[in-house]
Amino acid sequence: MRTFQLDRPGDLAEAVRILAEDEGARVIAGGTDLVTLMRDGIQQPSRVLDLRDLGLTEIEWQPDGGVRIGALCPNAVDDRRLAAEYPLVVAALRAGASPQIRNMATFGGNILQQTRCAYYRLPEFACNRRDPGTGCAALRGDSAKQAIFGVSDTCNAVHPSDLAVALSALEAEVLVHGPAGARRIPIREFHPLPGDTPHRVSALRDGELVTGIELPAAGRGRVSNYVKFRDRASFAFALASAAVVIERAGTVVLGARIALGGVAPKPWRAEHAERALVGNRLDEDSIAAASAAAVRGATPRKDNEYKVELVRRVVRRALSELE
Amino acid sequence: MRLTIQINGEQHQVDDVWAGESLLYVLRERLGLPGSKNACEQGECGSCTVYLDGTAVCACLVAAGQAQDREVVTVEGLAPGAGELHPVQEAFLAAGAVQCGFCTPGLVVAAHNLVRRNPEPSDAQIREELAGNLCRCTGYEKIMDAVRMAAANTQEAGA
């Protein structure tokens with residue numbers, strides 16, 4: 001592991017200043033991802049900023065009924081109102097990692113965690129994401145865990161977060177702070193597709209850091225569900241997951257948002273599936289149409305063809321088991 | 001760096017610590033507390049579970065610099081005194097929830113963390129709470145017995 005300088009900035013301005021002036025600087029929040037990445041030589045920051053003195057752990061309810069969650073709030077968050085008003089967020093958090101990791105991991109770190117692609121995590125394999133321009137061993141290797149949506153010819157790694165999938169279905173915004181001040185990034189723009197720059201893993205600009213996540217107020221008649229399919233009952237990343245948010249008036253679906261996890265380099269909005277529901281009753285026919293539409297545009301390979309059927313089924317189950 | 005850290009109630013200053021080494025390394029190699037085990041170093045197995053400021057974490061995933069000015073309780077700090085065992089440890093012994101023993105310290109801390117917060121855990125809750133602790137010997141049945149026993153004993157002691 002390369003040595004680094006450890007700083008504990010006293011306020012946000014100092015943190016931003018250091019991040020902006022030193023491009024080798026990285027933020028450490030819970031450390032559950034970064035510590036192993038550094039130990040394995042996959043990331044080699046020259047400077048590490050421990051943000052613990054910045055606060056950023058609060059849950060603040062907004063006048064309009066939305067909520068702002070600090071970037072350093074732990075994933076083991078135990079908040080009755082959050083669980084009551086945003087059960088999707090809590091369900092997604094509980095579906096991820098282990099108790100020990102949820103205790104340490106943070107909201108900001110969760111959405112910024114690196115892919116679990118085995119080729120990225122093993123420095124002996126070529127990886128465009130880790131070392132730009134060196135090639136992608138996964139494209140010629142075992143693609144069983146790789147993405148079936150949004151891949152490019154430089155990278156087909158999967159975004160591993162459950163939380164980000166829930167945030168995507170809730171159309172959350174990521175609050176960031178940087179040299180030019182504060183701004184907010186819609187969650188769907190926060191994770192770029194790999195394209196020909198797979199090493200760019202977020203929309204953060206130089207010197208910017210995540211300060212929080214804001215969830216818009218829950219509409220009336222909203223129901224939601226998170227279904228995750230994985231190799232074992234707990235403590236495993238998704239092979240495929242679906243977060244669904246449905247708003248209804250009477251029996252008619254007014255709004256539908258469906259996000260998929262474990263199948264794309266970012267939380268993947270299944271817009272064809274959403275369109276199959278809006279304006280219809282939520283019944284066996286519309287659910288079947290939505291689950292079929294959810295896989296439109298998939299480009300599986302031989303090893304991960306199974307994910308196409310898994311996506312259909314997690315979407316169908318998430319919609320069938322609402323309420 | 002000079003690491004200032006409270007461990008099992010005692011204040012320590014450790015010199016020449018590198019900020020990037022793990023809390024687990026500090027505990028085992030610098031402070032002679034080998035109870036927390038080093039197995040996977042990936043946060044997968046839970047053998048290094050300790051309390052950091054009162055919450056259970058994997059010590060292998062905590063950089064030493066992150067532990068600065070914090071309070072750690074290791075498996076060595078659970079028993080009330082020398083030569084004594086904590087009721088959770090007693091339960092592991094009584095249930096025979098130990099084979100090779102490598103996972104045991106992490107499981108004891110995780111089980112301790114479970115029963116202090118939830119004195120009547122369901123089997124499903126025990127499984128989920130211990131999901132981050134791997135045992136390759138026992139098949140977990142005796143461990144489940146031990147946690148149920150520890151929870152029952154804790155309740156009895158509290159009643």
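Residues numbered from 1 in each chain as written. Chains lettered and ligands numbered in written order. Predicted model: local features only at pLDDT ≥ 70, side-chain atom pairs only at ≥ 80, totals over all residues. Heavy atoms only, no water.

Trainee: Mind showing me how you'd approach the interface of chain A and chain B here?
Mentor: By a widely used convention, the size of an interface equals the accessible area lost when the partners come together. At the interface, 28 residues of chain A touch 32 residues of chain B. With both sides pooled, the region where chain A packs onto chain B buries about 2,300 Å², and carbon together with sulfur makes up 53% of that total. Among the residues chain A hides against chain B, the three largest losses belong to A:Arg39, A:Arg52 and A:Gln100. Together they make up 26% of the total. At the surface where chain A touches chain B, the tally comes to 3 salt bridges. Salt-bridge contacts for B:Glu41 lead to A:Arg39; the nearest nitrogen and oxygen are separated by 3.9 Å. Linking chain A with chain B are 14 residue pairs in polar contact (both at pLDDT 80 or more). When residues in the side of chain A that touches chain B are grouped by element, the largest group, 6 residues, is from helix H5 (residues 99-104) of chain A. By residue class, the composition of the side of chain A that touches chain B is 10 nonpolar, 9 polar and 9 charged. (Contact = heavy atoms within 4.5 Å. Buried area = accessible area lost by both parts, 1.4 Å probe. Salt bridge = Lys/Arg side-chain N within 4 Å of Asp/Glu carboxyl O. Polar contact = N/O pair within 3.5 Å; in protein donor to acceptor, adjacent residues only side chain to side chain. Helix = DSSP H or I, 4+ residues; strand = E, 2+ residues; numbered from the N terminus. Nonpolar A, V, L, I, M, F, W, Y, C, P; charged D, E, K, R; others polar.)

Trainee: Please explain the nonpolar core as it appears in this structure.
Mentor: Among soluble globular proteins, nonpolar side chains are generally buried collectively. All names here are of chain A. Of all hydrophobic cores here, the largest spans 37 residues; its most connected members are Val 89, Phe 107, Leu 167 and Leu 215. Among the secondary structure elements, those contributing two or more residues to this core are strand S5 (67-70), helix H4 (87-94), helix H6 (107-111), helix H9 (163-169), strand S6 (173-178), helix H10 (187-190), strand S8 (209-215) and strand S10 (240-249). It is H9 that contributes the most residues to this core, 6 residues altogether. When neighbours within four sequence positions are excluded, Phe 107 is seen to be in contact with Ile 69, Gly 70, Ala 71, Cys 73, Pro 74, Asn 75, Val 77, Val 89, Leu 93, Leu 163 and Ile 213. Core analysis: the second largest hydrophobic core is formed by 32 residues, Ala 256, Val 263, Val 308 and Val 315 among them. (Core = buried A, V, L, I, M, F, W, Y, C linked by side-chain atoms within 4.5 Å. Buried < 20%, exposed > 50% of the residue type's maximum accessible area, 1.4 Å probe, protein only.)

Trainee: Sorry if this is basic, but what is going on with the packing of aromatic side chains here?
Mentor: Any aromatic ring pair is given by two values, namely how distant the centres are and how the planes are angled relative to each other. On inspection of all chains with the given rule, the structure shows 4 aromatic pairs over all chains. Aromatic side chains A:Phe4 and B:Trp18 sit 5.6 Å apart centroid to centroid with 50° between the ring planes, which places their arrangement in the tilted category. Remark: B:Trp18 occurs in the loop between strand S2 (10-14) and helix H1 (23-30) and A:Phe4 occurs in the segment before strand S1 (5-7); the pair is interchain, linking two chains. Classification of A:Phe4 by relative accessible area gives buried; the value is 9%. For B:Trp18, a relative accessible area of 25% puts it in the partly exposed group. Centre to centre, the rings of A:Trp61 and A:Tyr86 are 6.2 Å apart; their planes meet at 25°, and the pair counts as stacked. Pair noted here: A:Trp61 is in strand S4 (residues 59-61) and A:Tyr86 is in the loop between helix H3 (80-85) and H4, with a separation of 25 residues, a long-range link. (Phe/Tyr/Trp six-rings, centres within 6.5 Å; stacked < 30°, edge-to-face > 60°.)

Trainee: Can you walk me through the domain arrangement of chain A in this structure?
Mentor: Residue and element names in this part refer to chain A. You can read the domains of chain A as domain 1 (1-52) and domain 2 (55-323). A C-alpha centroid distance of 25 Å is found between domain 1 and domain 2. Contacts between the two partners involve 17 residues from domain 1 and, on the opposite side, 20 residues from domain 2. When domain 1 packs against domain 2, close to 1,500 Å² is buried across both sides, 69% of that on carbon and sulfur atoms. For the interface between domain 1 and domain 2, the tally reads 2 salt bridges. One salt bridge in this structure joins Asp 33 and Arg 116, with 3.3 Å as the shortest N-O distance. Counting every contact that joins domain 1 to domain 2 gives 4 residue pairs in polar contact (both at pLDDT 80 or more). Of all the elements in the fold, those that place two or more residues in the side of domain 1 that touches domain 2 are helix H1 (12-21) and helix H2 (34-39). It is H1 that provides the largest number of residues to the side of domain 1 that touches domain 2, a total of 5 residues. Of the residues contributing to the side of domain 1 that touches domain 2, the split by class is 10 nonpolar, 4 polar and 3 charged. (Domains from an automatic or database assignment.)

Trainee: Before we go on, may I ask you to explain the sheet that holds strand S7 (residues 181-186) of chain A in this structure?
Mentor: The strands that make up a sheet are held in pairs by hydrogen bonds between backbone atoms, and each pair lies either parallel or antiparallel. Residues and elements named next belong to chain A. If you walk across this open sheet you meet the 5 strands as S4-S5-S8-S6-S7, and the pairing is antiparallel. The sheet is open, and its two edges are formed by S4 and S7, each paired on a single side. For this sheet, the mean inter-axis angle between neighbouring strands, taken without regard to orientation, is 25°. Of the strand pairs in this sheet, S4 and S5 are connected by 3 bridges, and their pairing is antiparallel. When the sheet's bridge partners are listed, Ile 59 is paired in S5 with Ile 69. Most of the contacts of H1 go to S8, to which it runs at about 125°, and overall it touches S6 and S8. (Pairing = 2+ DSSP bridges. Axes fitted to C-alpha atoms, helices over the stretch in contact; angles between N-to-C directions.)

Trainee: I would appreciate a short explanation of the domain arrangement of chain B in the present structure.
Mentor: Residues and elements named next belong to chain B. Each assigned domain of chain B is listed here: domain 1 (3-76) and domain 2 (87-158). Put simply, the middle of domain 1 and the middle of domain 2, counted by C-alpha atoms, are 22 Å apart. If you look at the interface, domain 1 gives 14 residues, while domain 2 gives 14 residues. Across the domain 1/domain 2 interface, buried area totals approximately 1,100 Å², and carbon plus sulfur atoms make up 59% of it. If you sort the residues of domain 1 by the area they bury against domain 2, Lys 37, Tyr 51 and Val 75 come out on top, with a joint share of 43%. Where domain 1 meets domain 2, there are 0 salt bridges. Counting every contact that joins domain 1 to domain 2 gives 7 residue pairs in polar contact (both at pLDDT 80 or more). The element best represented in the side of domain 1 that touches domain 2 is strand S3 (residues 49-52), accounting for 3 residues. Class assignment for the residues of the side of domain 1 that touches domain 2 results in 6 nonpolar, 6 polar and 2 charged.

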